[in-house]
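# Close look at the chain arrangement
Given next are the chains, with one letter for each unit.
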Amino acid sequence: MSKPPNSKKAKVMIVEDHPMFRERLAHLINQGDDLEVCGEADNIRDGFDMILNRQTDVAIVDLTLKGSNGLELIKNLAAAGSAVPVLVLSMHDESLYAERALRAGAKGYISKHEASAQIMTALRHVLKGGIFLAPAAATKILGNLAGKSANTKNGMDRLTDRELEVFDLIGRGRSTREISIKLTLGSATVETYRARIKEKLGLQNAIQLQQEATRWLHDTSKAVAALS
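These notes cover the structure that comes with them.

## Observations regarding the sheet that holds strand 3 (residues 58-61)
Read from one edge of the open sheet, six strands run 2-1-3-4-5-6, paired in parallel fashion. Looking at which strands have only one partner, the edges of the open sheet turn out to be strand 2 (35-41) and strand 6 (132-133). Two strands pair when backbone bridges link them, and strand 1 (residues 10-15) and strand 3 are joined in this way by four bridges, in the parallel orientation. The partner of Val15 across the bridge, within strand 3, is Val61. Helix 1 (residues 19-30) rests against strand 1, strand 2, strand 3 and strand 4 (86-90) of the sheet, and its axis sits at about 160° to strand 2.

## As for unusual backbone geometry
One non-glycine residue, Gln55, lies in the positive phi region at around 50°. In this structure, Gln55 sits in the loop between helix 2 (44-53) and strand 3. The class for Gln55 is exposed, based on a relative accessible area of 65%. Despite not being glycine, Thr184 has its phi angle at roughly 50°, a positive value. Here Thr184 lies in the loop between helix 9 (176-182) and helix 10 (187-201).

Rules used throughout
Residues numbered from 1 in each chain as written. Predicted model: local features only at pLDDT ≥ 70, side-chain atom pairs only at ≥ 80, totals over all residues. Heavy atoms only, no water. Pairing = 2+ DSSP bridges. Helix = DSSP H or I, 4+ residues; strand = E, 2+ residues; numbered from the N terminus. Contact = heavy atoms within 4.5 Å. Axes fitted to C-alpha atoms, helices over the stretch in contact; angles between N-to-C directions. Buried < 20%, exposed > 50% of the residue type's maximum accessible area, 1.4 Å probe, protein only.

Structure below.
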C-alpha cells in the first residue's frame, strides 16, 4: 500500500561539523519517504537552538563539533527539558563513548563505519522511542552495570567527559590558556584536569601527556580520513 500523500515526515536535525559527511547524510535521510532533514548545524550553540525551535522529531549528533563537543549539547538539551531523542553518530570508539553518550541523555550510539542501512535503522529505532547500541557496546555497558568490568577498566574509561575533552585539546596542541578560553574555564582548573589525566593514564610528566594525547588524536584522525 502506498503512503498517503499527506502523511507527515519526521523532521531530522543534523549536528555534524564535517561538511562532506553532513551532505551525504542529509541526502541519505531525504531519500526516505518517512524522514526529512529540517536543519543542519556544525556547533552546539546553533544545534541547540535549531533542535528546540524547528519542531525537530529526532536529532543526529556527532561528538566532534566546533567549540564544545556533542556530549555538552546532549547534556544541555536534557537540562532544558527537551524530549527530542538524540542518536550519536561518531567515528569515536564505541567502547569509550557509547556509555558516556547514554549517560548524557542520548538514546543511541552508532559508528560512522556502519553501513548506511544500519544507520537508518538506528535512526528510526530511536525515533520510535527505542534505545540503540551495537552489540559490542551493549555488552560492555551491561558488564559495567553488573560490576564485572570494574577491575579491568582502562585509563581512558576512567576519564570524565570534561577530562576527555581537555585531553583531546591537548592532542590538538592547545596550550593551557587556549584550552581555558575555549572551554571557558580558569587556567588553574585546566591545570587540575591535566594533573588528573596524567594520574589516571599513568603518565609521569607534561611531555608524556602531550605525546599520548597526540598519538590518540592521530589514531582518531585516521578513522575520520577513512570515512572521507
